[in-house]
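Coordinate inspection notes
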Amino acid sequence: MTSRIPRDSRLRLVRPRPLAAAPSAVNQRRPRRPAPRPPEGTPAPAELARMARSGLADAARVARWADGALGPGRDGTGSDGKGTLSDETAGRAAEELGLTAAQVRAAWDTARLAGLIEVHGDSARPGWRLRAWNRDDSAVLRGWVALFDAWSLASPEPTDREPAAVAEVVSAMPQVLSFLQLSAGPVPVEQLLDLLEQRVTELRTERCEIPYGPQPEPVEEPETADAPLAPLLDWALRALASVGALTYGDGQATLTPLGSWAVWVKLEQICVAAQSPAGNIEVAAEEMLRGCAQLRPNAARAEYRAWLAARPVGSAVTELLGAARGDDALLRGLAFEALRVVGAPAEPDVRSVADEPTLRPYALLWLAEHDGIDPEDAHEVLTREEATWLWVDTAAAVADHGEAPMLVRHLESALQPTVPRLLDEVRAVGHPRTVQVLVALAAAHPDPALAKAVRRAAFQVHTGG
């Protein structure tokens, strides 16, 4: 008697599922938290987007001019590797747009910070937000929030202050902005200065370490701890005013509607994470990702945003990539989902790990999506070997955290048209979890003949055959 299922079972040719497929396979339904409402008096999203478009009008004009006047293959940036406009291009844009060269440069820098212009290596090109600028309010608001997040880059740092003191003020400003948001009106600068000094003192106390044992004589250093903070607060408030987050003058500061809304969004993200069962905002990246594994995709993205909002972008990206290098394939996929939330600021770090075999497929997909390729088509940037490696890695995540039927369904996402071809190529890619994945698949599959073939392949990999 023969099996009714052919031994050479054809796999259905379907597009590989996104990297979130494995995490979502183990997600469990949780009660949804009602969407929070912004404070009373906050303009509607359409009105906020209109304000953002108005404030970024020059940046959008310069970005569109660059899109049309420079075009593909005609780079108008300098050779500094930062996407700075060359003198010739800035002068040409100023003449054609009726602006000064200084205004063009300022608008260009703003466009870069808002994602209207994206810098890739030594060249710059229009960003995806520019394409959606007139029709997508959410894209406009995300662009303005990106500019708001980068306020400290919008104005040159004071050259007469220690870099450490500048960094302290940048770290302390979220608390100052929160106070401005809660005040819902003008606040005297003297009151903001008192709050800034308190917060900076707290930051210095938190990182203070008292060494044990005899210590050498102290070397005299610049007295940054006693340096007045008023000039740095003035710089910070002027920088925030330059991006449209607040108004500053006559000895007081007031958040604009856009600034108040952006601070409220970030406070709400932090509160959501703080109320989660795992307390994700306070923990390291690996533990945060484990907590998010049990959430549905939208809830997980909200957790990523809150976790990221509480950290400098650079250190957060480093933590996420560190978690991705671990042994848990599920965390690897989730780490890159969190990096998708980070967006453009993560690009240099993601590009730098594209040569690491464990992270390469994930990094290539991330970069393809970042460059504007549709997520459904992004898998086409992978070679056959890279796609097979990714299939095994995702299968390992399902085997560790999912259920047997999910692993069987994972067969549908394989590129190979037959099980024997799949097994041959899986053995060839050399994934460290190949044996465990094949054993789990053999135990889960309902077809005895196919299960036997998979077990044989697992044995051959185990014995080096």
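Residues numbered from 1 in each chain as written. Predicted model: local features only at pLDDT ≥ 70, side-chain atom pairs only at ≥ 80, totals over all residues. Heavy atoms only, no water.

1. Concerning the overall build of the protein
Assigned secondary structure in the protein consists of 23 helices and 5 strands. Out of the 465 residues in the protein, the part that is buried amounts to 45%. For the protein, restricting intrachain contacts to residue pairs at least 6 apart in sequence, the fraction spanning at least 24 positions comes to 67%. (Helix = DSSP H or I, 4+ residues; strand = E, 2+ residues; numbered from the N terminus. Buried < 20%, exposed > 50% of the residue type's maximum accessible area, 1.4 Å probe, protein only. Contact = heavy atoms within 4.5 Å.)

2. Concerning the sheet that holds strand β4 (residues 246–249)
Overall, antiparallel pairing links the 3 strands, which are arranged β3-β5-β4 in an open sheet. Every interior strand has two partners, whereas the edge strands, β3 (187–188) and β4, have only one. (Pairing = 2+ DSSP bridges.)

3. What to know about the packing of aromatic side chains
Within a pair of aromatic rings, the relevant descriptors are the distance that separates the centres and the angle that separates the planes. One pass over the full model with this rule turns up 3 aromatic pairs. Taking the centre distance of 5.5 Å and the plane angle of 50 degrees together, the rings of Trp151 and Trp235 count as tilted. Within this pair, whereas Trp151 is found in helix α8 (residues 151–154), its partner Trp235 is found in helix α11 (residues 230–242), the two being separated by 84 residues in sequence. The class of Trp235 is buried, set by a relative accessible area of 7%. (Phe/Tyr/Trp six-rings, centres within 6.5 Å; stacked < 30°, edge-to-face > 60°.)

4. What about the environment of Trp144?
Take Trp144: it is sitting in helix α7 (residues 137–149). Taking the C-alpha atoms as reference points, Trp144 and Gly244, 100 residues apart in sequence, are found 9.1 Å from one another. A distance of 3.2 Å separates a polar side-chain atom of Trp144 from the backbone oxygen of Val243. (Polar contact = N/O pair within 3.5 Å; in protein donor to acceptor, adjacent residues only side chain to side chain.)

5. Considering helix α2 (residues 45–55)
Residues that lie three or four places apart on an α-helix share one face, since the helix turns once every 3.6 residues. Of the positions making up α2, those classed as buried are Leu48, Ala49, Ala52 and Arg53. Buried residues of α2, seen end-on, are gathered within an arc of 140 degrees and therefore sit on one face of the element. Residues Ser54 and Gly55 are exposed on α2 and point more than 90 degrees away from its buried face. (Arc of directions from axis to C-beta.)

6. What to know about the confidence of the model for the protein
Summarising the model, the protein shows a mean pLDDT of 79, and 80% of its residues fall at 70 or more. Taken as a whole, residues 1–32 scores under 50 in pLDDT and shows 66 contacts with residues more than four places along the chain or in a different chain. Throughout residues 209–213 the model reports pLDDT below 50, and contacts reaching past four residues in sequence, or to other chains, amount to 0 contacts. (pLDDT = per-residue confidence, 0-100.)

7. Considerations on the packing of helix α13 (residues 285–292) against helix α14 (residues 297–309)
Contact geometry of α13 with α14 gives a least axis separation of 10 Å together with a crossing angle of 160 degrees. As the angle between them shows, α13 and α14 are arranged roughly antiparallel. In this structure, α13 crosses over α14, and the sense of that crossing is right-handed. Contacts between α13 and α14 involve Ala285, Met288, Leu289 and Cys292 from the first element and Ala300, Glu303, Tyr304 and Trp307 from the second. Along the lines of polarity and charge, the residues of the contact of α13 with α14 split into 7 nonpolar, no polar and 1 charged. (Axes fitted to C-alpha atoms, helices over the stretch in contact; angles between N-to-C directions. Parallel < 35°, antiparallel > 145°, perpendicular 65-115°, else oblique. Left-handed = near helix turned anticlockwise from the far one by under 90°. Nonpolar A, V, L, I, M, F, W, Y, C, P; charged D, E, K, R; others polar.)

8. Side note on the pairing of strand β5 (residues 252–255)
The alternating pattern of β5 places Ala253 and Leu255 on a buried face and Gln252 and Thr254 on a face that is not buried. Sheet topology places β3 next to β5; 2 bridges connect them, and they run antiparallel. The partner of Val187 across the bridge, within β5, is Ala253. Sheet topology places β4 next to β5; 4 bridges connect them, and they run antiparallel. Of the residues in β5, the one forming a bridge with Tyr248 is Ala253. A loop of 2 residues connects β4 with β5, the two strands running antiparallel in sequence, and Asp250 in this loop sits at a positive phi of about 55 degrees.

9. Overview of the side chain of Ser152
You can see Ser152 is positioned in helix α8. Looking at Ser152, the relative accessible area reads 16%, which means it is buried. Other than its neighbours up to four places away in sequence, Ser152 contacts Val170 and Trp235.

10. Section: unusual backbone geometry
Residue Ala184 is not a glycine yet carries a positive backbone phi of 55 degrees. Along the chain, Ala184 falls in the loop between α9 (163–183) and β3. Ala184 sits in the exposed class, given a relative accessible area of 71%. For Asp250, which is not glycine, the phi dihedral falls at a positive 55 degrees. Assignment of secondary structure puts Asp250 in the loop between β4 and β5. Residue classification places Asp250 among the exposed residues on the basis of a relative accessible area of 84%.

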